[in-house]
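The chain contents come next:
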Amino acid sequence: MHHFEYRDGQLFAEDVPVARLAEEFGTPLYVYSAATFSRHFEIFDAAFNELPHLTCYSVKANSNLSVLNLLAKKGAGMDIVSGGELYRALAAGVPADKIVYSGVGKRPEEIKEALEAGILMFNVESQAELVRINEIAQAMGTRARISLRINPDVDPQTHPYISTGMKKNKFGLDMETSMQAYALAKSLPALDPVGLDCHIGSQLTSIEPFKEAMDKLMAFHDRLTGELGLDIKYLDLGGGLGIQYNEEDPPHPEVFAQALIPVLKERPLTVILEPGRVIAGNSGLLITKVVYTKDTPSKHFVIVDAAMNDLTRPALYGSYHRIAEVEPRHRTASIVDVVGPICESSDFLARERTMSAVQSGELLAVFSAGAYGFSMSSQYNSRCRAAEVLVDGATVTLARARETYEDLVALERGGLK
Ligand SMILES: *Cc1c(COP(=O)(O)O)cnc(C)c1O
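Rules and cut-offs
Numbers given to residues run from 1 along each chain, matching the order in which its sequence is written. Only residues with pLDDT of at least 70 get local features here, since the model is predicted, and only at 80 or more are side-chain atom pairs given and counted; chain-wide, interface and lining totals rely on the full set of residues. Side-chain metrics rest on all non-hydrogen atoms present in the structure, leaving aside hydrogens and water. Counting from the N terminus, the helices are the DSSP runs of H or I reaching at least four residues and the strands are the DSSP runs of E reaching at least two. Per-residue accessibility, obtained with a 1.4 Å probe over protein chains only, is compared with the maximum for each type, and a residue is labelled buried under 20%, exposed over 50%, and partly exposed between these values. Any pair of residues with heavy atoms lying within 4.5 Å of one another is described as a contacting pair. UniProt positions are given in the numbering used here, feature names are shortened, and annotations may be inferred rather than shown by experiment. Orientation is described by lines fitted to C-alpha atoms, with helices fitted over the stretch in contact, and by angles between N-to-C directions that extend from 0 to 180 degrees. The scheme is simple: roughly parallel for angles under 35 degrees, roughly antiparallel for over 145, roughly perpendicular for 65 to 115, oblique for anything else. Crossing handedness follows the turn of the near helix against the far one: under a right angle anticlockwise gives a left-handed crossing, and clockwise gives a right-handed one. We call Asp, Glu, Lys and Arg charged. Ala, Val, Leu, Ile, Met, Phe, Trp, Tyr, Cys and Pro are nonpolar, and the rest, Gly among them, are polar. The term disulfide is used for any two cysteine sulfur atoms that are within 2.5 Å. Two aromatic rings from Phe, Tyr or Trp, using only the six-membered ring of Trp, form a pair when their centres are within 6.5 Å; if the ring planes differ by under 30 degrees the pair is stacked, by over 60 it is edge-to-face, and anything between is tilted.

> Just to check I follow, could you spell out the environment of Leu-11 for this structure?
Tracing the chain through its elements places Leu-11 in strand 2 (residues 10-13). On the accessibility criterion, Leu-11 (0% relative accessible area) is buried. Taking the C-alpha atoms as reference points, Leu-11 and Ala-365, 354 residues apart in sequence, are found 8.6 Å from one another. Apart from residues lying up to four places away in sequence, Leu-11 is in contact with Phe-4, Glu-5, Tyr-6, Val-16, Pro-17, Val-18, Leu-285, Val-326, Ala-365 and Phe-367.

See the structure below:
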């Protein structure tokens, strides 16, 4: 069941023609399918039904309030990495006791806000952070549930910028340091070490690294129980399951779950999962309009109104996104670079792509743009950030209005002389 498909020669988002959305809301425009978000969440969550578990959607993948609200209504918890994401999750109606907080640089104010809200657990990434959380909790007369993020030193075989569980990465603590950190956590008066956490990277297309990490975590769990007498209740396996952008063949969530469940079943643990991309990635499109085409002796350029500030992944990781016409006209194909208006040569959405000879004014759909799309966008070149719409059947909700020029400068007016 696909919720972005062609009917009578034009692309639909559920029951709404994408061209109509572009007409009404302008371009560049992010278009999300509510049914796809729901289905992805349900499939992933149900895959772990054999175990006590909590699926904490990773807010940073797509943090639009409407998206968070939709997932919260399905029972999702959330994995956050900042005070801003805590604010969003709470605003979207996520119960605080379904929120886990990850990240290497949590600031004191952010820790305080999370304790005040009463989140489920902090995923702690250093001894200094443990000490900091203890101090703050103690001063507030409360206690903090924590897990330590273990860096299991496995190679997730993904892009180096989104590998997080290798020895050289800034994330988590190696096993030996972690043992000391758990002993420290046990001795600190305001901490309850209740969990064990890891997140080894993003866009993983094979199960092996997950299994390798889990085996190391299981051995480590035994040591925590045996050597420190800790009662670990939560095992957080992070996120990272990949999606199909082009020709990748990532494991289905069901296959992923079945590979892990037999081992996990033997232990009295609640499993926490933090999927982001696998829920959001293929639930969204970025719609853009061709502004000009330009032929030079070496290249054909298709210049569109979406740029690296709207969708950074191609510039940042060299990522592939499928791009197709919203209303295909079956013309001769040529090899083109699809580029945006920004003054950087890294501003491209596709390079050396075989595409029908599109003309100025036509609409293109950039697929798999639901994760790390809008959430990584910026105003670079003083471009107003795109609007976001959520389509549910025939119902369209403006999930975020397009920014205006006044939005660009509003917070700077105080500096005018
Ligand atoms: C980014 C992140 C995730 C989500 O990763 P995906 O690849 O989008 O599933 C989960 N947990 C942590 C700690 C993260 O930083």
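> Quick question: what am I supposed to make of the UniProt feature "domain: Orn/DAP/Arg decarboxylase 2 C-terminal" (unreviewed entry) in the protein chain here?
UniProt tags residues 30-370 as "domain: Orn/DAP/Arg decarboxylase 2 C-terminal" (unreviewed entry). In this annotation, residues 30-370 is assigned 32% helix and 24% strand; the end-to-end C-alpha distance for the span is 8 Å.

> Mind showing me how you'd approach the packing of helix 8 (residues 208-228) against helix 9 (residues 253-265) here?
A pair of packed helices is captured by two measures, namely the crossing angle of their axes and the spacing between those axes. With their axes 11 Å apart at the nearest point, helix 8 and helix 9 run at an angle of 15 degrees to one another. Classified by the angle between their axes, helix 8 and helix 9 sit roughly parallel to one another. Crossing angle aside, the handedness with which helix 8 passes helix 9 is right-handed. Where helix 8 abuts helix 9, its residues Phe-210, Lys-211, Met-214 and Met-218 lie against Phe-256, Ala-259, Leu-260, Val-263 and Leu-264. Here the contact of helix 8 with helix 9 is built from residues that sort into 8 nonpolar, no polar and 1 charged.

> How do you make sense of the state of the cysteines when you look at a structure like this?
Here is the idea: a disulfide is a covalent bond, and it sits between the sulfur atoms of two cysteines. Under the counting rule described, the total for this entry stands at 0 disulfides. Cys-343 takes part in no disulfide bond, and the closest cysteine sulfur, belonging to Cys-384, lies 16 Å away. What makes Cys-343 exposed here is its relative accessible area of 66%.

> Help me understand the packing of aromatic side chains in this model?
Here the distance between the centres and the angle between the planes together describe a pair of aromatic rings. Going through the model one piece at a time under the given rule, you end up with 10 aromatic pairs. Taking the centre distance of 6.0 Å and the plane angle of 85 degrees together, the rings of Tyr-30 and Phe-374 count as edge-to-face. Of this pair, Tyr-30 sits in strand 4 (residues 29-33) while Phe-374 sits in the loop between strand 18 (363-366) and strand 19 (387-392), and the two are 344 residues apart along the sequence. Arranged with centres 5.9 Å apart and planes meeting at 75 degrees, the rings of Phe-48 and Phe-256 form a pair that is edge-to-face. Of this pair, Phe-48 sits in the loop between helix 2 (34-46) and strand 5 (53-58) while Phe-256 sits in helix 9; the two residues are 208 residues apart in sequence, bridging distant segments of the chain.

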